[in-house]
Amino acid sequence: MQLNPRTLIALVAVGVVLLSGGKLSDIIGPQSTSSSASQPASSSVSSGAVERAFAKRQSDVMVVDRGRVVKLLPDDLKGSKHQKMIVKLASGHTILIAHNIDLAPRLNSLREGDMLAFKGEYEWNERGGVVHWTHHDPRGRHEGGWLELNGKRYE
């Protein structure tokens, strides 16, 4: 049986996390018995993956969570364009989300106070961290992420 490269990378990542004492939910987030494709991400419960990655100073960790937008920042227009916002999780932890609007649709209706669900790659910094890769990978080499606002997914 031959595995495609993405499957092989995913299996290796799972093995590394499990061997280092992590849990499968650190990688894939909370699971339920029903299909996640039929449920909006905003109905899921926080897995705490962001807080764990921050505490361990980890980067390159895929996370799924949700929080309230507390600050809309100006778009970053240098290089790849990014829509940026600060999101406060239920735990009180705040993160910067940098959403690539060259690869995914801009959330034009996003306002401070909105609840925003997200899946993306967490990068540690002393301010709480950054979540990026909230979009598909056009080359198919990186696990895709998304943002979800009012039941609509942007990827």
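Residues numbered from 1 in each chain as written. Predicted model: local features only at pLDDT ≥ 70, side-chain atom pairs only at ≥ 80, totals over all residues. Heavy atoms only, no water.

Visitor: Please provide a residue-by-residue account of the packing of aromatic side chains, values included.
Guide: Scanning all chains against the criterion turns up 1 aromatic pair. Over the ring of Trp146 we find Arg153, and its NZ or CZ is 3.9 Å from the ring centre. (Phe/Tyr/Trp six-rings, centres within 6.5 Å; stacked < 30°, edge-to-face > 60°. Lys NZ or Arg CZ within 6 Å of the ring centre and 35° of its normal.)

Visitor: So, the pattern of salt bridges: which residues are in play, and what are the values?
Guide: For the structure shown, the criterion picks out 4 salt bridges. A salt bridge links Arg106 to Asp75; the shortest N-O distance between them is 2.7 Å. Taken together, the positions of Arg106 in the loop between strand 3 (94–100) and strand 4 (115–123) and Asp75 in strand 1 (residues 61–76) put the pair 31 residues apart, joining distant regions of the chain. For Arg106, a relative accessible area of 34% gives the class partly exposed. A relative accessible area of 27% places Asp75 in the partly exposed class. Its salt-bridge partner being Glu143, residue Lys119 comes within 2.7 Å of it at the nearest N-O pair. On the criterion of sequence distance, the pair formed by Lys119 in strand 4 and Glu143 in the loop between strand 5 (130–132) and strand 6 (146–149) is long-range, its members being 24 residues apart. Here Lys119 falls in the buried class, since its relative accessible area comes to 18%. (Salt bridge = Lys/Arg side-chain N within 4 Å of Asp/Glu carboxyl O. Helix = DSSP H or I, 4+ residues; strand = E, 2+ residues; numbered from the N terminus. Buried < 20%, exposed > 50% of the residue type's maximum accessible area, 1.4 Å probe, protein only.)

Visitor: Can you lay out the side chain of Glu148 for me, pointing to particular residues and giving the numbers?
Guide: Along the chain, the position of Glu148 falls in strand 6. For Glu148, the side chain forms a polar contact with the side chain of Arg153, separated by 3.4 Å. (Polar contact = N/O pair within 3.5 Å; in protein donor to acceptor, adjacent residues only side chain to side chain.)

Visitor: Provide a residue-level description of the nonpolar core, including the pertinent values.
Guide: The nonpolar side chains of a soluble globular protein tend to be buried, and buried together. Grouped together as the largest cluster of nonpolar side chains are 20 residues, with contacts concentrated most on Val63, Val87, Ile95, Ile97, Leu116, Phe118 and Tyr122. Elements that contribute at least two residues to this core include exactly helix 3 (49–55), strand 1, strand 2 (82–89), strand 3, strand 4 and strand 6. (Core = buried A, V, L, I, M, F, W, Y, C linked by side-chain atoms within 4.5 Å.)

Visitor: Now, about the pairing of strand 1: what can you tell me, with residues and values included?
Guide: Strand direction decides the pairing type here: strand 1 and strand 4, joined by 8 bridges, are antiparallel. The residue of strand 4 that forms the bridge with Val61 is Tyr122. Bridging between strand 1 and strand 2 involves 7 bridges; their strand directions are antiparallel. By the bridge assignment, Gly67 is partnered in strand 2 with Leu89. The antiparallel pairing of strand 1 with strand 2 creates a hairpin that spans 5 residues between the two strands, and Gly79 there sits at a positive phi of about 65°. (Pairing = 2+ DSSP bridges.)

Visitor: Tell me what's going on with the pairing of strand 3, and back it up with residues and numbers.
Guide: Of all 7 residues making up strand 3, 5 are buried, and the element is well covered by its neighbours. If you look at the hairpin formed by strand 2 and strand 3, you'll find 4 residues sitting between the two strands, and Gly92 has a positive phi there, around 100°. Both strand 3 and strand 5 contribute to a ladder of 2 bridges, which runs parallel. Residue pairing for strand 5: Ile97 is matched across the bridge by Val131.

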